[in-house]
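Coordinate inspection notes
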Amino acid sequence: MKVAIDVDLCQGHGRCYEIAPEVFTDDDRGRGELLMVEIPADLQEKVRQAANTCPERAITLSE
Amino acid sequence: MAESTTQEPRPVSPFAVWQAERSSDPRGYYANLRKEGRIDFKTHRWAGGKKGPTAAVLHRDDIGQLLRDVDTYSSEVFAYGPDVHAIPQEIQAPLHTTYRRLLDPLFSPKKMAELQPKVEVAVNKFIDAFIDNGEVEVNEGLAVPLPCMTFLDLLGLPSEELQMLIYWKDVLIRPEIVGGSFSEGQRIQAEVVPQMFARFAQEVEDRKVNPRDDLITYFTTTEVDGRKLTEEEQCSVLFFLLAAGLDTVTISLQAMFYYIATHPETQQLLQDDPSQVENVVEELLRWETPVMSVMRVAKEDTELGGCPISKGTFMVACLASGNVEEEVPESLNLDLTRGDKAHLAFGAGPHRCLGSHLARMELRTVIREWHKRIPFYEVKPGESIEWVPSALRGIDYLPLQWKTKG
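Note that the structure is predicted; figures quoted are calculated from it, not measured.

Thresholds, definitions, all that
- Residues numbered from 1 in each chain as written.
- Chains lettered and ligands numbered in written order.
- Predicted model: local features only at pLDDT ≥ 70, side-chain atom pairs only at ≥ 80, totals over all residues.
- Heavy atoms only, no water.
- Contact = heavy atoms within 4.5 Å.
- Buried area = accessible area lost by both parts, 1.4 Å probe.
- Salt bridge = Lys/Arg side-chain N within 4 Å of Asp/Glu carboxyl O.
- Helix = DSSP H or I, 4+ residues; strand = E, 2+ residues; numbered from the N terminus.
- Buried < 20%, exposed > 50% of the residue type's maximum accessible area, 1.4 Å probe, protein only.
- Expected span 1.5 Å × (residues − 1).
- Phe/Tyr/Trp six-rings, centres within 6.5 Å; stacked < 30°, edge-to-face > 60°.
- Lys NZ or Arg CZ within 6 Å of the ring centre and 35° of its normal.
- Pairing = 2+ DSSP bridges.
- Disulfide = S-S within 2.5 Å.

Taken together, the contact pairs 24 residues of chain B with 21 residues of chain A. Carbon and sulfur atoms supply 40% of the area buried between chain B and chain A, which totals about 1700 Å² over both sides. In terms of surface lost to chain A, no three residues of chain B exceed B:Arg68, B:Asp340 and B:Arg352, which account for 26% of the buried area on that side. When the shortest N-O distance is used, the salt bridge between A:Arg57 and B:Asp61 registers 3.1 Å. Of all the elements in the fold, those that place two or more residues in the side of chain B that touches chain A are helix H3 (60–68), helix H4 (95–103), helix H5 (109–130) and helix H17 (356–373) of chain B.

Here we come to the pattern of salt bridges. Residue and element names in this part refer to chain B. Enumeration over the complete set of coordinates arrives at 45 salt bridges over all chains. Of the charged contacts, one joins Glu 288 and Arg 27 as a salt bridge, the two residues approaching to 3.8 Å between their closest N and O atoms. In this pair, Glu 288 is assigned in helix H15 (residues 277–288) and Arg 27 in helix H2 (residues 26–36), connecting sequence segments 261 residues apart. You can call Glu 288 buried: its relative accessible area is 5%. The shortest N-O distance in the salt bridge between Glu 231 and Lys 208 comes to 3.3 Å. Note that Glu 231 is positioned in helix H12 (residues 231–245) and Lys 208 in helix H10 (residues 182–209), a separation of 23 residues in sequence. Within the structure, one salt-bridge network assembled from shared partners comprises Glu 161, Arg 199, Glu 203, Asp 206, Arg 207, Arg 212 and Asp 214.

Turning next to helix H8 (residues 162–173) of chain B. Residues and elements named next belong to chain B. In this model H8 runs 16 Å from its N-terminal to its C-terminal C-alpha over 12 residues, within 8% of the 16 Å that 1.5 Å per residue would give. Regarding H8, the residues found buried are Leu 162, Leu 165, Ile 166, Trp 168, Lys 169, Asp 170, Val 171 and Leu 172. Check the buried side of H8 and you find it contacts helix H7 (145–155), helix H9 (175–179), H10, H12 and helix H13 (247–261).

With that out of the way, let us pick up the side chain of B:Glu203. Inspection of the secondary structure puts B:Glu203 in helix H10. Not counting residues within four places of it along the chain, the set of residues in contact with B:Glu203 comprises B:Leu157 and B:Ile216.

What follows is about the packing of aromatic side chains. Residues and elements named next belong to chain B. In the structure shown here, the tally under the stated rule is 11 aromatic pairs over all chains. Summarising the aromatic geometry, the rings of Tyr 29 and Tyr 30 are spaced 5.0 Å apart at their centres and angled 75 degrees between planes, so their arrangement reads as edge-to-face. Tyr 30 carries the same exposure label as Tyr 29, and that label is buried. Judged by centre distance (6.0 Å) and plane angle (75 degrees), the ring pair of Trp 168 and Phe 200 falls under edge-to-face. Residue Trp 168 is found in helix H8, and its partner Phe 200 is found in helix H10; the two are separated by 32 residues along the sequence. Both residues of the pair, Trp 168 and Phe 200, belong to the buried class. One residue, Arg 393, lies across the ring of Trp 387, its end atom 3.6 Å from the ring centre.

The subject of this paragraph is the sheet that holds strand S1 (residues 39–40) of chain B. Residues and elements named next belong to chain B. One open sheet holds the 5 strands; their spatial order is S1-S2-S10-S7-S3, and the pairing between them is mixed. The open sheet is flanked by S1 and strand S3 (73–74), the only strands paired with a single partner. Bridge analysis of strand S2 (residues 54–57) against strand S10 (residues 314–318) gives 4 bridges, and the strand direction is parallel. Across the sheet, the residue bridging to Val 57 is Ala 317, located in S10.

A word on the state of the cysteines. Per the stated rule, a full pass over the model turns up 0 disulfides over all chains. Between A:Cys54, a cysteine without a disulfide, and A:Cys10, which holds the nearest cysteine sulfur, the sulfur-to-sulfur distance is 6.6 Å. In this structure B:Cys148 is not part of a disulfide, and its nearest cysteine sulfur, from B:Cys353, lies 16 Å away.

And the structure:
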């Protein structure tokens, strides 16, 4: 699984890095940044949750 | 109401009736409204100030589109009067983007984590003052002063100014209650707003000579796009922070304390597993949606959710409706141990709440510290609780009681 953040959509709600801090972190404005792109199996459920929780739908997943 | 009251009740306006209906049961109210149509062109006309056609947007996807499409919908709705342009709330891109680049870092999660220990100390001091009484009116004791104290601290204003600040924010947000009537409220507001700007200007002048580690100093020294903020801009930002940052946290605390006080199983949950505080706060933000709606205005003829929208229409983004609705089936149930349901309690799009991370930190700190010390409590029996009939939905009088030790 691969993850991407659309930086034009992200508004810094801060849900992704709270739900999956192993994969997402916050920049100095509170917007999401990726710590990794390829998601290992044990983190995939968390990343799905983070993507579903994003109010801007800025996170996309691909196989 | 005292028995001796002989005064005739004030005539209740249709606007007040509508507001009371919405505030007392927003989930039921909006569920009924959604049955009538995708966008409501009738009942929210009050929210637009009756200045033109009003469209209340009820579904999450439509609300997202409304709040994201800043080319079609403007946030310049003069929420604080015809002469006030609150920065950044009522400013449009590209200048809005510039302001947010400047302001976002000041309210980032990292900055709020630095501030948290101070807020924790303040919360405990407030609790110290009433815990042995076994009861408190939670607004007076905590929910009103805490966000105001935090604000004074951030801005670098002395804590002696607390009462004045509380008065100011009430004049801004609930003028009709301060003044006793709509017209008197408007009169007081028109008088007080210039005083606020004058006071901010005075503080700005002071920081030029006496720079300190506070936000006002930052606003006087920082540069955006190669220039410093003008004094007018600095004051407008301060005005906005005061208007947007105080009552919102207060009403959120009111909604949360009322929910938890009337749900012993939630008190037990927080007692058994204090790490659930984040989830409980996030889910109650969604479920209660204290800021029920925000306003936009259509800049051109357009279409939303299949409905034609004419230029000049006041658009009401009904966040409370979009947060609990049929098109998002999982949103219809409350689940306090899941904080991962997408919600619009802080809005969406480029104008998303600037202070959301401050609000979350304050709300979590209050709920966590309170429950450490007062795990079980209830609304004082015999007291009647009324939701404030306003788009900012809260409970002005909320007496809680608990058993004291020993």
